[in-house]
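# Coordinate inspection notes
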Amino acid sequence: MNRARRRFSKSLFDRRAQLGCVPVLRTFASLMILSAAACRRDGAAVGGTGGGLGSTGGAGGGRLDAGSGGQGSEAGGEAGAAGRADATVDVARDAAVDVRSDAALEVRRDAALDRPGDAAASDGSVDAGLAMTLRAAAAQAGRLIGAAVGASHLSEAAYATTAAAAFDFVTPENEMKWDATEPTQNVFTFAGGDAITAFAQQNGMKVKGHTLVWHSQLPAWVSGITDATALHDAMINHVTQVASHYRGQVIAWDVVNEAVDDDGQSLRDSIFYQYLGAGYIDDAFNAAHAADPGALLLYNDYGAEGAGAKSDYVYSMVKGMLARGVPINGVGLQMHTGPADTSPSAAEVAANMQRLEALGLNVVISEMDVQICASDVDTQKTRFHDIVAVCAAEPLCLAVTVWGVTDKYSWLNGVSCATPQPLLFDDNYAPKPAFGGVLEALLGL
Ligand code: XIL
């Protein structure tokens, strides 16, 4: 056993000891897989003691610690420009793969893997033990498993219980956007975002801030600015104030969201591009880094997950940022997708991740949902599985976030179709086959 594997096993052992988990050996069809249902949550949640990613900052780049040992990044590449050279990425592909077989000795298969739908009672009560297997599996894989959370839903017990049990990473669905945080110029309202960070802290979950500069959900006062200097000042002030407020409470920020045009030929013709030119993106990242040097700074977009003009554009754009010394640490691939494995295919996503990783950048699947307007839950399961498996296999893929906790509140309801059912838990918080698909992918199955 090499050093990395020993370190991983020790940290897994320590984590299990802290959680009071009883090592249970049991073989089902030669598979021995973790059941965190045997590990009751008391106080510290699974993954909150080392399974997640800690960002400790550093001069120009965040240090990642996924708690799994390893010998640093395999990606190498032109990492130096944004300070990535000093980043230690403790999620080595070999360690993750090797350790899985070691770790499997300490775990058992939960029958619910095969029957996820049985986990919620008909009254909608949640089997938190089963939901927790997701966090535990992500911790074992050295990844974070996240969900977009809406502050207004946290008072619903089943929502909060499910979110806290299943996920160890939170993205505020709307609460940290510009219209929510600065509805009037220089008057900041952090109540919604603060409710999310408090919930996350109570439940041992990490938070990604979303999002500082975006053409959408802008307050009217920003859209009404007609002067480049005024817009630039407003943007820098917004980034500075919001990122400063959440310094230490978020491990990452989606600094700029959806800046590339759908045709992949240019930047989007947003108010920022119109008045400030392409440099607004660099400026936003520099301001975010100055305000929160410890946060991982991400560029986030849709339609750039696999192959094609838009992903090529994003790749060139972030490569240019690195060359200019802009403090960018990674790229978010939103992954709002249908159930077919074609747009984009898992293989294309893997190739795109690999070229971004070769620049020394981290990647995350940042907003995954799989609408099934004309499909079924089993096809959806396969899609979730295959995309999550790509992240689990890529050393610099840090997290998979699904864009919501329950189908009941998906942003796609009535949009893709009446009931696209795009998430891992149904309207009654019962885990769907897709839940099992994500779980299996995190476990390497
Ligand atoms: C969506 C939210 O889910 C909705 O509640 C809101 O009405 C609109 O925005 N890309 C993003 C997210 O980066 O912020 C969007 O979230 C979904 C698309």
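Residues numbered from 1 in each chain as written. Predicted model: local features only at pLDDT ≥ 70, side-chain atom pairs only at ≥ 80, totals over all residues. Heavy atoms only, no water.

## Some thoughts on the overall build of the protein chain
Each helix and strand in the protein chain was counted, giving 14 helices and eleven strands. For the protein chain, with 445 residues in total, the buried portion stands at 58%. Intrachain contacts of the protein chain at a sequence separation of at least 6 include 78% that bridge at least 24 residues. Put simply, the protein chain shows about 15,600 Å² of open surface, and 52% of that area lies on carbon and sulfur atoms. (Helix = DSSP H or I, 4+ residues; strand = E, 2+ residues; numbered from the N terminus. Buried < 20%, exposed > 50% of the residue type's maximum accessible area, 1.4 Å probe, protein only. Contact = heavy atoms within 4.5 Å. Areas by Shrake-Rupley, 256 points an atom, 1.4 Å probe, with all protein chains shown as cover.)

## Structural notes on the site of the ligand
In the region of the ligand, 13 residues are neighbours, and Glu173, Lys177, His210, Asn257 and Glu367 sit closest. In this structure, Asn174 approaches the ligand through a side-chain N or O atom, which is 2.9 Å from an oxygen atom. Separating a nitrogen atom of the ligand from a side-chain N or O atom of Gln334 is a distance of 3.4 Å. When isolated, the ligand has an accessible area of 410 Å², and the protein chains bury 78% of it. In the shell around the ligand, the residues fall into three nonpolar, six polar and four charged. (Near = heavy atom within 4 Å. Polar contact = N/O pair within 3.5 Å; in protein donor to acceptor, adjacent residues only side chain to side chain. Nonpolar A, V, L, I, M, F, W, Y, C, P; charged D, E, K, R; others polar.)

## Here we look at the packing of helix 3 (residues 128–141) against helix 14 (residues 433–442)
When two helices pack together, their arrangement is captured by the angle between the axes and the distance separating the axes. Where helix 3 contacts helix 14, the axes come no closer than 8 Å and their chain directions differ by 25°. When the interaxial angle is binned, helix 3 and helix 14 end up roughly parallel. You can see that helix 3 and helix 14 cross each other, and the crossing is left-handed. Of helix 14, the residues touching helix 3 (which contributes Leu130, Ala131, Thr133, Leu134, Ala137, Ala138 and Ala141) are Phe435, Val438, Leu439 and Leu442. Of the residues contributing to the contact of helix 3 with helix 14, the split by class is ten nonpolar, one polar and no charged. (Axes fitted to C-alpha atoms, helices over the stretch in contact; angles between N-to-C directions. Parallel < 35°, antiparallel > 145°, perpendicular 65-115°, else oblique. Left-handed = near helix turned anticlockwise from the far one by under 90°.)

## Regarding the pairing of strand 7 (residues 296–301)
For strand 7, a buried count of six out of six residues is recorded, marking the element as mostly surrounded by other parts of the structure. Side chains Leu296, Leu298 and Asn300 of strand 7 all project onto a buried face; the interleaved residues Leu297, Tyr299 and Asp301 project onto the opposite face, where all are buried too. Note: strand 6 (residues 252–257) against strand 7, five bridges, orientation parallel. Bridge pairing in strand 7 links Asp254 to Leu298. Examined bridge by bridge, strand 7 and strand 8 (residues 330–333) share four bridges and lie parallel to one another. (Pairing = 2+ DSSP bridges.)

## Structural notes on the packing of helix 11 (residues 309–323) against helix 12 (residues 346–357)
Axis separation between helix 11 and helix 12 bottoms out at 10 Å; the angle between their running directions is 10°. Between helix 11 and helix 12, the angle is such that the two are roughly parallel. For the pair helix 11 and helix 12, the contacting residues are Ser311, Asp312, Tyr315 and Val318 in the first and Asn352, Arg355 and Leu356 in the second. Looking at the contact of helix 11 with helix 12 residue by residue, the class counts come to three nonpolar, two polar and two charged.

## A word on the confidence of the model for the protein chain
Considering every residue of the protein chain, the mean pLDDT works out to 79; 72% of them sit at 70 or more. Confidence, read as mean pLDDT per element, is least for helix 1 (residues 3–19) in the protein chain (28) and greatest for strand 6 (99). Ignoring residues within four places in sequence, the model shows residues 1–122, a span with pLDDT below 50, making 244 contacts including any to other chains. (pLDDT = per-residue confidence, 0-100.)

## What about helix 14?
Buried residues dominate helix 14, accounting for nine of its ten residues. The set of residues buried in helix 14 consists of Ala434, Phe435, Gly436, Gly437, Val438, Leu439, Glu440, Ala441 and Leu442. In the segment just after helix 14, Gly444 is the residue with positive phi, at about 80°.

## Digging into the pairing of strand 4 (residues 169–172)
Of the two faces of strand 4, the one lined by Phe169 and Thr171 and the one lined by Val170 and Pro172 are each fully buried. Where strand 3 (residues 144–149) lies against strand 4, four bridges are found, and the strand directions are parallel. From the neighbouring strand, Gly146 faces strand 4, where its bridge partner is Phe169. Regarding topology, helix 4 (residues 157–166) serves as the crossover connection from strand 3 to the parallel strand 4, and that connection is right-handed. In this sheet, strand 5 (residues 206–214) lies alongside strand 4 in parallel orientation, the contact comprising two bridges. Bridge pairing in strand 5 links Phe169 to Lys206. (Right-handed = clockwise from strand over helix to strand, strands pointing away.)

## Overview of the environment of Val170
Along the chain, Val170 turns up in strand 4. Of the residues examined, Val170 reaches a relative accessible area of 0% and is grouped as buried. Along the chain, Val170 and Ile145 lie 25 residues apart, while their C-alpha atoms are 8.5 Å from each other. Leaving out residues up to four positions away in the same chain, Val170 has contacts with Ala147, Val149, Ile196, Ala200, Met205, Lys206, Val207 and Lys208.

## Overview of the pattern of salt bridges
Following the criterion strictly, the structure yields ten salt bridges and no others. A salt bridge links Lys310 to Asp262; its shortest N-O distance comes to 3.3 Å. Linking Lys310 in helix 11 with Asp262 in the loop between strand 6 and helix 9 (271–276), this pair joins segments that are 48 residues apart in sequence. Under the relative-accessibility criterion, Lys310 is labelled buried at 5%. Ionic pairing is found between Arg383 and Asp341, a salt bridge with its closest N-O pair at 2.9 Å. Here the residue Arg383 occupies a position in helix 13 (residues 377–393), and Asp341 occupies one in the loop between strand 9 (336–337) and helix 12, the gap between them amounting to 42 residues. When its relative accessible area of 38% is taken as the criterion, Asp341 is described as partly exposed. One connected set of salt bridges, linked through shared partners, spans Asp262, Arg268, Asp301 and Lys310. (Salt bridge = Lys/Arg side-chain N within 4 Å of Asp/Glu carboxyl O.)

## Thoughts on the nonpolar core
The tendency in soluble globular proteins is for nonpolar side chains to be buried as a group. Counting residues in hydrophobic clusters, the biggest one holds 103 residues, and the most contacted among them are Trp253 and Val318. Contact partners of Trp253, with chain neighbours within four places excluded, come to Met176, Gly209, His210, Thr211, Leu212, Val242, Ala243, Tyr246, Ala295, Leu296, Leu297 and Leu298. Judged by nonpolar contacts, the second largest core, of nine residues, contains Ile251, Ala252, Val364 and Leu398. (Core = buried A, V, L, I, M, F, W, Y, C linked by side-chain atoms within 4.5 Å.)

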